[in-house]
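This is what each chain is made of:
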Amino acid sequence: MILTYASQRDYDEMAGKPGDAPVWTAEDFAAMGEFMTKFNQELEASGELVETRALGAPVHTRRIGGTPALVTDGPYAETQEVLAGYWIVDVDSFDRATEIASRLGQCPAPPAAAATAYADVRPIIESGDEIGL
């Protein structure tokens, strides 16, 4: 699984609500959308794409935890970034998944956003025997 991250600020700017010092413009988001569409089409054509999804803004998040369960609506002041989306890929190796994820660094973005952008690559396990600790 390839995981990407964003902040509430990114989501706000994407929705056209720029903050004090906007980082993303409408043109930036359009370029990102074009890149992601092509990226996904290439993965689909290669047969490696299983699923991909973008996730809603942190403001639409609900965190449940504790005993008894405590429900907290997002966004969370202590959280700078959240999971923004993911790809599940069916590849021959962890290295291939890493190679695919590294292509996300080519996604058009303003310099300030690109400087802090990253993706995580994590294997999906089928059983507890695969945890690999």
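You'll find the structure just up there.
Residues numbered from 1 in each chain as written. Predicted model: local features only at pLDDT ≥ 70, side-chain atom pairs only at ≥ 80, totals over all residues. Heavy atoms only, no water.

**A short note on helix α3 (residues 94-102)**
Phase 1 of the analysis: Residues of α3 that are buried: Ala97, Ile100 and Ala101. Axial view of α3: buried residues confined to an arc of 100°, hence all on one face. α3 presents Asp95 and Ser102 as exposed residues on the side facing more than 90 degrees away from its buried surface.
Phase 2 of the analysis: Looking at the buried side of α3, the elements it contacts are β1 (2-6), α2 (26-46), β5 (82-89) and β6 (119-121). (Buried < 20%, exposed > 50% of the residue type's maximum accessible area, 1.4 Å probe, protein only. Helix = DSSP H or I, 4+ residues; strand = E, 2+ residues; numbered from the N terminus. Arc of directions from axis to C-beta. Contact = heavy atoms within 4.5 Å.)

**Overview of the nonpolar core**
Generally speaking, nonpolar side chains in soluble globular proteins are found buried as a group.
Phase 1 of the analysis: Ile2, Phe39, Leu43, Trp87, Val89 and Leu104 are the most contacted members of the largest nonpolar core, which has 16 residues in total.
Phase 2 of the analysis: Secondary structure elements with two or more residues in this core: α2, β5 and α3.
Phase 3 of the analysis: If one sorts the elements of this core by residue count, α2 sits on top with 5 residues.
Phase 4 of the analysis: If we ignore the near neighbours within four places in the chain, the residues touching Trp87 are Met1, Ile2, Thr4, Met36, Phe39, Asn40, Leu43, Leu49, Glu51, Thr52 and Leu104.
Phase 5 of the analysis: One finds Ala6, Tyr11, Val82 and Ala84 within the second-largest nonpolar core, a separate group that totals 5 residues. (Core = buried A, V, L, I, M, F, W, Y, C linked by side-chain atoms within 4.5 Å.)

**A short note on the pairing of β1**
Phase 1 of the analysis: Of all 5 residues making up β1, 4 are buried, and the element is well covered by its neighbours.
Phase 2 of the analysis: Bridging between β1 and β5 involves 5 bridges; their strand directions are antiparallel. The partner of Leu3 across the bridge, within β5, is Tyr86.
Phase 3 of the analysis: Two elements, β1 and β6, share 3 bridges in a ladder whose sense is antiparallel. Across the sheet, the residue bridging to Thr4 is Ala119, located in β6. (Pairing = 2+ DSSP bridges.)

**Some points on the sheet that holds β5**
Phase 1 of the analysis: Ordered in space as β2-β5-β1-β6, the 4 strands form an open sheet in which the pairing is antiparallel. With one partner strand each, in any of the chains shown, β2 (49-54) and β6 form the two edges of the open sheet. If you compare each strand with its neighbour and ignore which way they point, the axes differ by 20° on average. (Axes fitted to C-alpha atoms, helices over the stretch in contact; angles between N-to-C directions.)

**Some thoughts on the pattern of salt bridges**
A side chain with one charge may pair with a side chain of the opposite charge, provided their charged atoms come close.
Phase 1 of the analysis: All chains considered together, the criterion is met by 6 salt bridges.
Phase 2 of the analysis: Put simply, Arg9 and Glu13 hold a salt bridge, and the shortest N to O gap is 3.2 Å. With Arg9 and Glu13 both in helix α1 (residues 8-14), this residue pair falls 4 residues apart, about one helical turn.
Phase 3 of the analysis: With a closest N to O distance of 3.3 Å, Glu51 and Arg53 form a salt bridge.
Phase 4 of the analysis: Exposure remark for Glu51: the relative accessible area of 27% places this residue in the partly exposed category.
Phase 5 of the analysis: Here the salt bridges share partners, and the residues they tie into one network are Lys38, Glu42 and Arg103. (Salt bridge = Lys/Arg side-chain N within 4 Å of Asp/Glu carboxyl O.)

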